There are 2 protein chains.
Amino acid sequence: MNIPFVLGANVEHTAILLDLFIMLAAAKLMAEVFERLKQPAVVGEILAGVIVGPSLLRWVEPSDMISVLAEFGVIFLLFNVGLETKPQSIFQVGRRAAMVAVAGVLLPFAAGYLIALAWGGSFLESMFIAAALVATSVGITARVLGSMGLLDTETSRIILGAAVIDDILGLIILSIVSSVSQGSVSIAGLAKTAGAALVFTLLVAIVGSRLINRLAPMFARSRLERPFFAIGMILCLGLSVASAYIGVAAIIGAFLAGIAMAEATEDNKKMHQLTTGVTEFLVPFFLVNIGMQLDVSVFREVSVIVFAIVLTLVAVITKIVGCGAGAWGLSRREMAQVGFGMVPRGEVGIVVAQIGLGLGVIGKNFFAAVLFMAVATTLIAPPFIKMLFTVDTDGDGIPDPITEIDVSDHFGRIG
Amino acid sequence: MNIPFVLGANVEHTAILLDLFIMLAAAKLMAEVFERLKQPAVVGEILAGVIVGPSLLRWVEPSDMISVLAEFGVIFLLFNVGLETKPQSIFQVGRRAAMVAVAGVLLPFAAGYLIALAWGGSFLESMFIAAALVATSVGITARVLGSMGLLDTETSRIILGAAVIDDILGLIILSIVSSVSQGSVSIAGLAKTAGAALVFTLLVAIVGSRLINRLAPMFARSRLERPFFAIGMILCLGLSVASAYIGVAAIIGAFLAGIAMAEATEDNKKMHQLTTGVTEFLVPFFLVNIGMQLDVSVFREVSVIVFAIVLTLVAVITKIVGCGAGAWGLSRREMAQVGFGMVPRGEVGIVVAQIGLGLGVIGKNFFAAVLFMAVATTLIAPPFIKMLFTVDTDGDGIPDPITEIDVSDHFGRIG
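The rules we used
- Residues numbered from 1 in each chain as written.
- Chains lettered and ligands numbered in written order.
- Predicted model: local features only at pLDDT ≥ 70, side-chain atom pairs only at ≥ 80, totals over all residues.
- Helix = DSSP H or I, 4+ residues; strand = E, 2+ residues; numbered from the N terminus.
- Rg over C-alpha atoms; globule rule 2.2 N^0.38 Å.
- Buried ≥ 20, exposed ≤ 12 C-beta atoms within 10 Å, placed from the backbone.
- Axes fitted to C-alpha atoms, helices over the stretch in contact; angles between N-to-C directions.
- Parallel < 35°, antiparallel > 145°, perpendicular 65-115°, else oblique.
- Left-handed = near helix turned anticlockwise from the far one by under 90°.
- Contact = placed C-beta atoms within 7 Å.
- Nonpolar A, V, L, I, M, F, W, Y, C, P; charged D, E, K, R; others polar.
- pLDDT = per-residue confidence, 0-100.
- Expected span 1.5 Å × (residues − 1).
- Least-squares fit on C-alpha atoms with pLDDT ≥ 70 in both.

Undergrad: Just give me the short version of the overall build of chain A, but keep the residues and values in it.
TA: If you tally the helices and strands in chain A, you get 18 helices and two strands. The C-alpha atoms of chain A give a radius of gyration of 21 Å, which matches the 22 Å a tight globule of 415 residues would have. When the backbone C-alpha atoms are referred to their principal axes, chain A occupies close to 70 × 60 × 55 Å. Expressed as a percentage of the 415 residues in chain A, the buried residues total 59%.

Undergrad: For the packing of helix H3 (residues 41-52) of chain A against helix H13 (residues 268-293) of chain A, give the residues involved together with the corresponding values.
TA: Residue and element names in this part refer to chain A. Relative to each other, H3 and H13 sit at 50°, their axes nearing to 6 Å. Taken together, the axes of H3 and H13 lie oblique to each other. Crossing handedness for the pair H3 and H13: right-handed. Touching Val 42, Glu 45, Ile 46, Leu 47, Ala 48, Gly 49 and Val 50 of H3 are Pro 284, Leu 287, Val 288, Asn 289, Ile 290, Gly 291 and Met 292, all from H13. Tallied by class, residues from the contact of H3 with H13 come to ten nonpolar, three polar and one charged.

Undergrad: Help me get a handle on the interface of chain A and chain B, residues and values and all.
TA: Each side of the interface is counted separately: chain A has 61 residues, and chain B has 61 residues. Elements with a minimum of two residues in the side of chain A that touches chain B: helix H1 (3-7), helix H2 (11-36), helix H4 (64-83), helix H9 (154-181), helix H11 (227-246), H13 and helix H16 (346-358) of chain A. Element by element, the count of residues in the side of chain A that touches chain B is highest for H2 of chain A, at 14 residues. Across the side of chain A that touches chain B, the residue classes break down as 31 nonpolar, 21 polar and nine charged.

Undergrad: I'd like a rundown of the confidence of the model for chain A, residues and numbers included.
TA: Residues and elements named next belong to chain A. For chain A, per-residue confidence averages 88 on the pLDDT scale, and 93% of positions sit at 70 or higher. Confidence over residues 1-8 falls short of pLDDT 50; this stretch has 19 contacts with residues more than four positions distant or in other chains. In this model residues 404-415 is a low-confidence stretch, pLDDT under 50, and it forms 20 contacts with partners more than four residues away in sequence or in other chains. Across the whole predicted complex the pTM is 0.89, and at the interface the ipTM reaches 0.89.

Undergrad: With reference to specific residues and values, describe helix H6 (residues 94-118) of chain B.
TA: Taking 1.5 Å as the rise per residue, H6 of chain B with 25 residues should run 36 Å; its terminal C-alpha atoms sit 36 Å apart, in good agreement. Just beyond H6 of chain B, the residue with positive phi is Gly 120 of chain B, at close to 95°.

Undergrad: Run through the relation of the copies chain A and chain B, naming residues and quoting values.
TA: With an axial shift of 0.0 Å and an RMSD of 0.0 Å, the rotation relating chain A to chain B amounts to 180°. Such values leave the two copies arranged in the relation of a two-fold axis. Interface overlap between copies is the fraction of interface residues in one copy that are interface residues in the other; for chain A against chain B it reaches 100%, indicating a shared surface.

Undergrad: Lay out unusual backbone geometry with the relevant residues and their values.
TA: Residues and elements named next belong to chain B. The backbone of Lys 38 shows a phi angle near 60°, a positive value even though the residue is not glycine. Relative to the assigned elements, Lys 38 resides in the loop between helix H2 (11-36) and helix H3 (41-52). Among the residues examined, Lys 38 registers 11 C-beta atoms within 10 Å and is labelled exposed. In this structure, Arg 58 is a non-glycine residue whose phi angle is positive, near 60°. Tracing the backbone through its elements, the reader meets Arg 58 in the loop between H3 and helix H4 (64-83).

Undergrad: Tell me about the packing of H11 of chain A against helix H12 (residues 250-261) of chain A, residues and numbers included.
TA: Residue and element names in this part refer to chain A. Relative to each other, H11 and H12 sit at 145°, their axes nearing to 7 Å. Our pair here, H11 against H12, has a crossing hand that is right-handed. Contacts between H11 and H12 pair Gly 232, Leu 235, Cys 236, Leu 239, Ser 240, Ala 242, Ser 243 and Ala 244 from the former with Ala 250, Ile 252, Gly 253, Ala 254, Leu 256, Ala 257, Ala 260 and Met 261 from the latter. Of the residues that constitute the contact of H11 with H12, the class distribution is twelve nonpolar, four polar and no charged.

Undergrad: Talk me through the environment of Phe 123 of chain B; I want residue IDs and the actual numbers.
TA: Along the chain, Phe 123 of chain B turns up in helix H7 (residues 123-134). Counting along the chain gives ten residues from Phe 123 of chain B to Tyr 113 of chain B, while the straight-line C-alpha distance between them is 8.4 Å.

Undergrad: For H7 of chain B, give the residues involved together with the corresponding values.
TA: Residue and element names in this part refer to chain B. Given a rise of 1.5 Å per residue, twelve residues ought to cover 16 Å, and the 17 Å separating the end C-alpha atoms of H7 matches this to within 8%. For H7, the tally of buried residues reaches ten of twelve residues, placing the bulk of the element in the interior. Taken residue by residue, H7 has Glu 125, Ser 126, Met 127, Phe 128, Ile 129, Ala 130, Ala 131, Ala 132, Leu 133 and Val 134 as its buried positions. On its buried face, H7 is in contact with H6, helix H9 (154-181), helix H14 (302-326), helix H16 (346-358) and helix H17 (364-388).

Undergrad: Describe the environment of Phe 285 of chain B, and please don't skip the residues or the numbers.
TA: All names here are of chain B. By secondary structure assignment, the location of Phe 285 is in helix H13 (residues 268-293). Look at Phe 285 and you get buried, because 26 C-beta atoms sit within 10 Å. Leave out the neighbours within four places in its chain, and Phe 285 touches Leu 20, Met 23, Ile 66, Leu 69, Ala 70 and Gly 73.

Right, here's the structure in full:
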């Protein structure tokens, strides 16, 4: 009797279920360990991916199916963050967010280009590595701040707003670099890409919320059991697709969808609980998948390891300095909060590197180094973010999350 | 400039996102329409799949990725149903559920075999078609009853219990049929398959709940933000994998996981809300995917259409009569509730047919007919289930869901 056949009416599905079971169990185990060590749970979950992935145990191999689920994870994470974000609160910090984004793009790009060139990279290779250093993955920071209940502080809102602008700038840079690598730069094409991204983002940010608020009474008359949840999920997927087609990261669309829904309903709390369920289920796959991207076996040559470490340091320092400087005028602690909040490159950096590899522009060694940088920055930032956002307000020896009021009370403009 | 490349940092992911967006939007639109027509939303969502799928618009093609998400959907649906089911309440109806399951397996199998043989099927072909007629997909019924808030009636519990036993019997039959088709029947092998399935199910059903209750205080000391939700998800995936490896459907494992968690925590309500979010997001993909399995273009020959319709009628009538008879001793309405509740074959019937096709045992025409039967039974049952479980108790012209008390008050033993 052909056991595996009868057994796994669908053997492949069973294999995927097993992969996801391992990932989820490992993630939660490591999150527990890290929480007990008073370290951010996200770091534990990413390390879980390093452990069960190709670097160590090899229990789970990265696959298309897993990466789609991972992308869902970060999409719903940003949608959920958007639900907690009122559009005005982002517009209020708009100018500062723009400064943070621009400074946080220019400095890493310039430094990344020079360091890669110095390490023997070609012009194109160096351009791509520079582009990979630009892109901030706001998912990690949002996760850390969200789990501390601090998404509504001024610096959190600056980080979120800057991440949106950062992504558009990153798209423009990536478009330029890609078209240079294919030997043709069309100014018209670039303008179109940039224009579409800008118009889409502004349109959704400005009109989206009003439109949804206008339509809310219609939704409320729906016969569906959970109309706002259904509309929210549809909008989340729809705007993710739309932004991906325009060229911005899908998570930006998801974030905008969340913002558009943020004020739609009295029932927002119930809907938020439901979307939290989806997010909490999917986010571990996003985090573990980042860890699984790292395959330490590629680091055979010492020079690659050294370059990877140098690149990581450059990535960390330039983002902190650039974004921190962009937040000039805030207290020193707040500038540091913004700077460290923009450090993780996560999946966005990985995607840029993959495009470079796909175009045949960057070599395997440089690709490995960029991958290392993307994962390492994502691991380094959370402990600092957690530290910078906590302070022992009540003097009991245990740091408490800083709320807006705490900041102005205890640290107002000390910088 | 290579737009699609720069754009879709991951073109494939974007395509999948688009598919899911279309499926979700179509599902909710059709659900709304069907609710307004006072018809079950599930029927609307399955028809959404027929509309956007290969049969009509061809906007979305069935794919591996979609079918994995669909399987997740039904897994979490059954987990969620399990969360509302106390183990004792299933054991209480155990004997009756067993009778329902056995009678509801024998009659469809015999009738399916004979009708396929009469239609010119070979011995093996007829055996496989008979096996496909056996398997009940409890997901659809659970969905309809759950949305009416009627999962806790006696007949609902009989249906759930019978579905578990039905699945084990279906596995045994499928094992026999598969091994016959490969020319070797090993009694030892069959006993092993059947024994493992039985032991696993009983063990989890009996020990699972107690073990989880014993461990609950430990879980409560976890530092995770939502420890019971995390444990629940891990257990759900873990037992789904385990049952799939043993050969029972993954949904049985998920259902048992839900039952095991049902009493674990005071905080069950909050956890249930979170899992409801996951379920509500994923279930539409399960329903739409069933509709997408149907490709009406295969029905070129009239004889295939006629056979498909006859097979569907046989599938419906034999389940109603068999399961209804198994519920002998209840009121006539309750017997009908149980009978119609077991009618949908859904994804389980499709899987059996796919195995037959994979083994090269059943031809394309018979496969098409079985697929039609699986989808049609799934579409036919819900309106009857809804009707049989509602009655105009307060005489206002609008049928209300029957609660346990209503049944004994108004219809007690009328049969």
